[in-house]
Amino acid sequence: MTELKQIDMKNKKITLIDADSLLYYEMGKPTLEEAIAGIDARIDTMLRITNADSYAGFLTIGKCFRYRVAKSKPYKHNRKAGDKPIIWYALKEYLKQRWGFTWVNGLEADDCVSLYSYIIEESGTATSTICSPDKDVLKQVPGEHYNFQKDEWVTTSKEAGDVFLWVQTLMGDSTDGIPGIPGLGIKTAVKIIKNNDGNTSYAQDLLKIYIDKFGNSEGISKFTETFNLVYMLQTKEEVLKYTGKPLPDLLTIDVSPPEDESDSDWS
């Protein structure tokens, strides 16, 4: 088993793990021991295949800022509610205690790997690889990523990431219950984005489409809401804006439990 390595920003290769899916992939095992073995094997594979010098793993705990942003429909309203099996909670604690996986209040795990990837790259002293099966990370965040669900590499350019962001701004995201413009499919959305001639910004073009569909006031509101829901945060300033709290330094993330994991005031 790979031993825990402390993050050092002078290391050349830092692996960032979006760990939420790990729990779901392994919680169906017959025993906790088998599930833990599966978790360990997956993480070992990630660190080996990314040739990591060090790593940081992230979980989602509590509700993220998007629950406040969503006004048209509740964020993830289409997800089935229900109690998770006890093994899910046991694996979550195992990831915290054995592997040192952590979280940032108000953010989802995919936000964390995205943010720290940008920050590491901007530091100029290290490089990062994101390990995640999440389409928003794989298709919106520039870089070379490892999809540990499919055991495949995904390379995303900044240009491709921008196209994906604006396509989602038009379509919304049915996975997370984000409506977008009703009846507008991916083929039409991609065509609209690719027809941009560079004389106007994507934001201008898409805002006009929203206004044409919903009227001036509602169109501006819905466009802003959808963009804020599908956009993967990139900077510390954006974290402060959306959550009201500063982003912890990667070396000093507070792993104490959040004050209220239910975040009922955001519901």
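Not measured: the values here are computed from a predicted model.

Visitor: Could you give me a rundown of the overall build of the protein, with the residues and numbers involved?
Guide: Looking only at helices and strands, the protein features eleven helices and five strands. Considering the protein as a whole, with its 267 residues, one finds that 46% of them fall into the buried category. Taking the intrachain contacts of the protein between residues at least 6 apart in sequence as the baseline, contacts between residues at least 24 apart amount to 73%. When the accessible surface of the protein is split by element, carbon and sulfur atoms take 52% of a total near 13700 Å².

Visitor: Break down the pattern of salt bridges for me, with residues and values.
Guide: Under the definition given, this model contains eleven salt bridges. Between Glu 26 and Lys 29 there is a salt bridge, with its nearest N and O atoms 2.6 Å apart. Under the relative-accessibility criterion, Glu 26 is labelled buried at 3%. With a closest N to O distance of 3.0 Å, Lys 158 and Asp 162 form a salt bridge. Taken together, the residues Lys 158 and Asp 162, both in helix 7 (residues 158–171) and four residues apart, mark about one turn of the helix.

Visitor: Mind laying out the pairing of strand 2 (residues 54–58), listing which residues take part and the relevant values?
Guide: In terms of burial, strand 2 is largely enclosed, as five of its five residues are buried. Judged by which residues are buried, strand 2 turns out to be covered on both faces: Ser 54, Ala 56 and Phe 58 on one side and Tyr 55 and Gly 57 on the other are all buried. With five bridges joining them, strand 1 (residues 13–18) and strand 2 adopt parallel strand pairing. Counterpart to Ile 14 in the pairing with strand 2 is Ser 54.

Visitor: Describe the nonpolar core, and please don't skip the residues or the numbers.
Guide: Ranked by internal contacts, the top residues of the largest apolar core, which has 45 residues, are Leu 16, Phe 58, Leu 107, Tyr 116 and Leu 233. Elements represented by at least two residues in this core include exactly strand 1, strand 2, helix 5 (109–123), helix 7, helix 8 (186–194), helix 9 (202–214), helix 10 (216–230) and helix 11 (236–243). Dropping the residues within four chain positions of it, Leu 233 is found in contact with Phe 65, Leu 107, Asp 111, Ser 114, Leu 115, Tyr 118, Glu 238, Val 239 and Tyr 242.

Visitor: So what about the packing of helix 7 against helix 9? Which residues, and what values?
Guide: The description of two helices packed together rests on the angle between their axes and the distance between the axes. Running from N to C, helix 7 and helix 9 point in directions that differ by 10°, and their axes come no closer than 10 Å. Of the possible angle classes, the one that applies to helix 7 and helix 9 is roughly parallel. Between helix 7 and helix 9, the contacting residues are Val 163, Trp 166, Thr 169 and Leu 170 on the first element and Tyr 202, Ala 203, Leu 206, Ile 209 and Tyr 210 on the second. In the contact of helix 7 with helix 9, the residues fall into eight nonpolar, one polar and no charged.

Reading guide: rules and limits
Residues numbered from 1 in each chain as written. Predicted model: local features only at pLDDT ≥ 70, side-chain atom pairs only at ≥ 80, totals over all residues. Heavy atoms only, no water. Helix = DSSP H or I, 4+ residues; strand = E, 2+ residues; numbered from the N terminus. Buried < 20%, exposed > 50% of the residue type's maximum accessible area, 1.4 Å probe, protein only. Contact = heavy atoms within 4.5 Å. Areas by Shrake-Rupley, 256 points an atom, 1.4 Å probe, with all protein chains shown as cover. Salt bridge = Lys/Arg side-chain N within 4 Å of Asp/Glu carboxyl O. Pairing = 2+ DSSP bridges. Core = buried A, V, L, I, M, F, W, Y, C linked by side-chain atoms within 4.5 Å. Axes fitted to C-alpha atoms, helices over the stretch in contact; angles between N-to-C directions. Parallel < 35°, antiparallel > 145°, perpendicular 65-115°, else oblique. Nonpolar A, V, L, I, M, F, W, Y, C, P; charged D, E, K, R; others polar.

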